[in-house]
Amino acid sequence: ALEFCRHFSEINMETKSEEFKVDYVVKTPPIDEQSYTAKGWTFKHSTAKMMTTDELDRVSDQIQIQRLPDILYGYNKLTICKEDIDFAYEFNPLESLRMSSFTEMESKLINEAKSVFPYNGINCKPKEVKVQQAEVWKNKKVPADVKQLEIISDWTFSTPYKGIVKAKTDGSVFPIEKTDEDIPLDRLGPSNPIKYYGQVNLFEDELDDNGCTHSNIRFRVMDDCYYLLLRYYLRVDNVLVRIYDTRIFHEFGSDKILREFQVKESSYEELIEKGFKINSDWSLSASQSDQVFKHLDLKLVYKDKISLA
């Protein structure tokens, strides 16, 4: 199973089918690779230090976004594989960031009204966010000889990325369809002990001192199932807080993976009205997204399932 996961990683590095070619993989830093197998499923995750300036320069043109985050864990990755059915589900920071490109978002946007369902499609395009001082800057005159840059991606790195379900080696794909079935969160309690746990950081940025954004993956494997949470978090100071969550759940032995994509967002004013304390204790906390999560307004829920049959 480990060789099967590695095979998919090599394909990802060498081809330009759905992913871009990652030239920097020729010279990699020390990478901590861990693997865990349960009930025929293999969970392979790799972690390394943040990319250096030289490494960022080598990948910036390939991702095709305005700029890269200050901290990019470009070598980190999680792949969930099941060899006997040729299945692989991958999460990596470069693909996540690529989905903050306006062009990529447009090409992958699911449109139910028009029956447009691209494979590995996304469920929303992020609404534009402006910093608190934007209105002041807007009224300032720009000299005629100053060229304005075309904006090609979301400056907050807002990415509705849900990971990539790989096509099979014969080119066929696993059906993904909308569902009303909920993820059974009651299966995640202390009565169902965790056998294996992992976390993979994707990227971080302080938005030029206007807030912060980060994305990471947390997953756990129990005796009878596994569960994963991919979170994108955004805080623009004195403006808003946004969370994009992708949850996936699989009961071992079943023929499907349940997935839920959720958007939660509130302005600072709305949070204050709800009694949430906005202070430095919160804004400097590593767990700030968890603290504010239940106070944010739910904007969108999209549930689908990946058929493994």
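Just so we're clear, the structure is a prediction, and the values are computed from it rather than from any experiment. (Residues numbered from 1 in each chain as written. Predicted model: local features only at pLDDT ≥ 70, side-chain atom pairs only at ≥ 80, totals over all residues. Heavy atoms only, no water.)

Draft legend 1. Broad picture of the overall build of the protein chain. Helix and strand counts for the protein chain stand at 8 helices and 13 strands. Taken over 309 residues, the protein chain has a buried fraction of 49%. Sequence-distant contacts, at least 24 apart, represent 68% of the contacts inside the protein chain between residues at least 6 apart. When the accessible surface of the protein chain is totalled, it reaches about 15,700 Å², and 50% of it is carbon and sulfur. (Helix = DSSP H or I, 4+ residues; strand = E, 2+ residues; numbered from the N terminus. Buried < 20%, exposed > 50% of the residue type's maximum accessible area, 1.4 Å probe, protein only. Contact = heavy atoms within 4.5 Å. Areas by Shrake-Rupley, 256 points an atom, 1.4 Å probe, with all protein chains shown as cover.)

Draft legend 2. Structural context of the environment of Y226. You can see Y226 is positioned in strand β10 (residues 225-236). By relative accessible area, which is 1% here, Y226 ends up buried. Y226 sits 38 residues away from L188 along the chain, and the two C-alpha atoms are 9.0 Å apart. Not counting residues up to four positions away in its chain, the partners in contact with Y226 are W41, F43, I80, R220, V221, I248, F249, H250, F252 and I257.

Draft legend 3. Highlighting unusual backbone geometry. In this structure, K39 takes a positive phi of about 55 degrees despite not being glycine. Within the fold, K39 resides in the loop between β1 (32-38) and β2 (41-47). Within the chain, S115 stands out as a residue other than glycine whose phi angle is a positive 55 degrees. Mapped onto the secondary structure, S115 falls in the loop between α4 (102-108) and α5 (134-138).

Draft legend 4. Quick look at the pairing of strand β13 (residues 297-307). For strand β7 (residues 176-178) and β13, the ladder comprises 3 bridges, and the chain directions are antiparallel. Note on β13: the bridge partner recorded for E177 is K305. Across 10 bridges, the pairing between strand β12 (residues 256-267) and β13 is antiparallel. The residue of β13 that forms the bridge with I257 is I306. (Pairing = 2+ DSSP bridges.)

Draft legend 5. Quick look at the environment of D154. Following the sequence through the fold, D154 ends up in the loop between α5 and β6 (164-165). Its relative accessible area of 6% is what places D154 among the buried residues. Between the C-alpha atom of D154 and that of K127, which follows or precedes it by 27 residues, the distance is 9.2 Å. The residues contacting D154, other than those within four sequence positions of it, are S100, F102 and P126.

Draft legend 6. The arrangement of the sheet that holds strand β8 (residues 194-205) in detail. What the 8 strands build is an open sheet, ordered β3-β8-β9-β10-β11-β12-β13-β7; its pairing is antiparallel. Each edge of the open sheet carries a strand with a single partner, namely β3 (71-72) and β7. Examined bridge by bridge, β8 and strand β9 (residues 211-222) share 10 bridges and lie antiparallel to one another. Bridge pairing in β9 links V200 to I217.

Draft legend 7. Broad picture of the sheet that holds strand β4 (residues 77-82). The strand order across the open sheet formed by 5 strands is β1-β2-β4-β5-β6, and the pairing between neighbours is antiparallel. Of all strands in the sheet, those with a lone pairing partner are β1 and β6, marking the two edges. Two strands pair when backbone bridges link them, and β2 and β4 are joined in this way by 5 bridges, in the antiparallel orientation. Residue pairing in the sheet places K44 in a bridge with T79 of β4.

Draft legend 8. Here's a closer look at a negative patch on the surface. Negative charge collects at one region of the surface, where E204, E206, D208 and D209 lie side by side. Here E206 lies in the loop between β8 and β9. (Patch = residues over 30% accessible without salt bridge, like charges linked within 9 Å, V, L, I, M, F, W, Y side chains within 5 Å. Salt bridge = Lys/Arg side-chain N within 4 Å of Asp/Glu carboxyl O. Lys, Arg positive; Asp, Glu negative; His and termini not counted. Charge placed at Lys NZ, Arg CZ, Asp CG, Glu CD.)

Draft legend 9. Spotlight on the layout of surface pockets. The computed volume of the second largest pocket comes to approximately 470 Å³. Along the walls of the second largest pocket sit 26 residues, with E204, C212, H214, A286 and Q288 positioned nearest its centre. Those elements that place two or more of their residues in the lining of the second largest pocket are β8, β9, β10 and α8 (288-293). (1 Å grid on protein atoms, 1.4 Å probe; cavity = no way out; pocket = protein on both sides within 12 Å on 5 of 7 lines; lining within 4 Å. Points joined across faces, edges and corners; volume = space filled by probe spheres on them.)

Draft legend 10. Fine view of empty space enclosed by the protein. This structure, assessed with the given rule, holds 3 cavities of 30 Å³ or more. When its volume is computed, the largest cavity comes out at roughly 50 Å³. Lining the largest cavity, in full, are S96, T159, Y161, L202, S215, L230, Y232, Y244, D245, T246 and F261. Among the elements of the structure, β10 and β11 (240-251) are those that each provide at least two residues to the lining of the largest cavity. A total of 3 residues in the lining of the largest cavity trace back to one element, the largest contributor, which is β11. Taken together, the residues of the lining of the largest cavity sort by class into 6 nonpolar, 4 polar and 1 charged. (Nonpolar A, V, L, I, M, F, W, Y, C, P; charged D, E, K, R; others polar.)

Draft legend 11. Inspection of the nonpolar core at higher detail. Judged by nonpolar contacts, the single largest core of 53 residues is most densely connected at W41, I80, F87, F91, Y226 and L228. No other element matches β10, which puts 6 residues into this core. (Core = buried A, V, L, I, M, F, W, Y, C linked by side-chain atoms within 4.5 Å.)

Everything listed here is a matter of geometry and, on its own, says nothing about what the molecule does.
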